[in-house]
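# Results of the structural survey
Residues per chain are reported as follows:
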Amino acid sequence: MSPIRKPNMSFLQGVDLAKKSDYQTWMFAAAGLSLLFIAVYSVFSVVETIIEEERYEEVHLPNFAAITSTKERKQAFFDFLEPFVVEANGDILEERAEVLKLQAYFERNQRLNGSRLESFNQLRESYKLDPVDSASAQSFRELLNRVDTIPVSLALAQAAIESGWGTSRFARQGNNLFGMWCYEPGCGLVPKRRSPGKTHEVTVYRSPRESFLAYLRNLNTGPAYGALRDIRASHRENGVEPSGRDLAPGLVRYSQERWTYVDKVRGMIAANRLDSR
């Protein structure tokens, strides 16, 4: 039997693998290297995960209160937040395009096949609608009523009102720009002026982006905002792009102030010329 050839590796110089003792040394060295590689890989994997989480969480709100000029503070607030609305609306438009594609197929064939019906029902459930056994014109109208964008002007106006231009405790500590509530103990921040007997908290979000996504989903699925969605759908049917001022009456149940709140939103849009964004 021919002897085992010694690999040409510097750290094995002088090691004869044909000898039992040297072979054992090589095996221990190989095992040690394997453990080292695993450890290094694990470290890089953890670092990569941390980086990805930081990317997802993005950045927290700037200290808008530190901007002394009112005009500059407002401009900074709108400029910082507008991209979140645009991005979130872009995601909604992609989903709406998918619904319209399915609707076109339905109108040609008067039915959706298995895979298309499954996709349709996934979208319905995502927007808090019950799945259906078979598609219909009405089931498409119901979904399209919800899968639609919110005007940038409306979102920015509400963010300014609800967060005190990004300076409220809920905005600074919880990235909550819209006063969104949650009801599980420990789910958010407890309002200092919460009425006795009330259990709600103000939701904490990981990022301003997450706050905007929750806000848009709330307007598009919440029972309180059916009027807003109907106004928007009516404008769509007439070929008109709905503005923030158009949809503001649909917010009458957003605040206990009711119509006074609607006037505040419209006033904020007008005073800051937000419909031009």
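What comes next concerns the included structure.

### Re the overall build of the chain
When helices and strands are counted, the chain shows 10 helices and three strands. The burial tally for the chain puts 38% of its 277 residues in the buried class. Long-range contacts, defined as pairs at least 24 residues apart, comprise 55% of the intrachain contacts of the chain with a sequence gap of at least 6. Of the accessible surface of the chain, which amounts to about 16,600 Å², a share of 53% is contributed by carbon and sulfur atoms.

### Here's the deal with the packing of helix α5 (residues 152–163) against helix α7 (residues 208–221)
As a packed pair, α5 and α7 sit with axes 12 Å apart at the nearest point and diverge in direction by 115°. Taken together, the axis directions place α5 and α7 in an arrangement best described as roughly perpendicular. Of the two elements, α5 crosses α7, and the hand of that crossing is right-handed. Residues Leu154, Ala155 and Gln158 of α5 touch α7, and the partners they reach there are Phe212, Tyr215 and Leu219. Its residues assigned to classes, the contact of α5 with α7 shows five nonpolar, one polar and no charged.

### What to know about the side chain of Asn145
Here Asn145 is to be found in helix α4 (residues 137–146). Contact partners of Asn145, with chain neighbours within four places excluded, come to Arg229, Asp230, Arg232 and Ala233.

### As for the environment of Ser276
On the secondary structure map, Ser276 appears in the segment after α10 (259–271). Using a relative accessible area of 66% as the deciding quantity, one classes Ser276 as exposed. Along the primary structure Ser276 and Val152 are separated by 124 residues, whereas in three dimensions their C-alpha atoms are 9.4 Å apart. Within polar-contact distance, the side chain of Ser276 engages the backbone oxygen of Arg273 at 2.7 Å.

### Topic: α4
Within the span of α4, buried status applies to Ser139, Phe140, Leu143, Leu144, Asn145 and Arg146. Looking at the buried side of α4, the elements it contacts are α2 (70–109), α3 (114–126), α7 and α8 (226–237).

### Quick notes on the pattern of salt bridges
Scanning the entire structure with this criterion turns up eight salt bridges. The closest approach of N and O atoms between Glu210 and Arg206, which form a salt bridge, is 3.5 Å. As a salt-bridge pair, Arg236 and Glu241 come within 2.7 Å of each other at their nearest N and O atoms. Residue classification places Arg236 among the partly exposed positions, given a relative accessible area of 26%. Residue classification places Glu241 among the exposed positions, given a relative accessible area of 55%. What emerges from the salt-bridge pattern is a single network uniting Arg96, Asp148, Arg232, Arg236 and Glu241.

### Quick notes on the environment of Ala159
As for its position among the elements, Ala159 is in helix α5. When the C-alpha positions of Ala159 and Leu81 are compared, they lie 8.8 Å apart, and in sequence the two are 78 residues distant. Apart from the residues lying within four places of it in its own chain, the contact partners of Ala159 are Phe77, Leu81, Gly164, Leu177 and Phe178.

### Topic: the side chain of Arg232
Within the secondary structure, Arg232 is located in helix α8. The class of Arg232 is buried, set by a relative accessible area of 0%. Separated by 3.0 Å, the side chain of Arg232 and the backbone oxygen of Thr149 make a polar contact. Every residue in contact with Arg232, bar those within four places of it in the chain, is listed here: Asn145, Arg146, Asp148, Thr149, Ile150, Asn220, Pro242 and Leu247.

Conventions used here
Residues numbered from 1 in each chain as written. Predicted model: local features only at pLDDT ≥ 70, side-chain atom pairs only at ≥ 80, totals over all residues. Heavy atoms only, no water. Helix = DSSP H or I, 4+ residues; strand = E, 2+ residues; numbered from the N terminus. Buried < 20%, exposed > 50% of the residue type's maximum accessible area, 1.4 Å probe, protein only. Contact = heavy atoms within 4.5 Å. Areas by Shrake-Rupley, 256 points an atom, 1.4 Å probe, with all protein chains shown as cover. Axes fitted to C-alpha atoms, helices over the stretch in contact; angles between N-to-C directions. Parallel < 35°, antiparallel > 145°, perpendicular 65-115°, else oblique. Left-handed = near helix turned anticlockwise from the far one by under 90°. Nonpolar A, V, L, I, M, F, W, Y, C, P; charged D, E, K, R; others polar. Polar contact = N/O pair within 3.5 Å; in protein donor to acceptor, adjacent residues only side chain to side chain. Salt bridge = Lys/Arg side-chain N within 4 Å of Asp/Glu carboxyl O.

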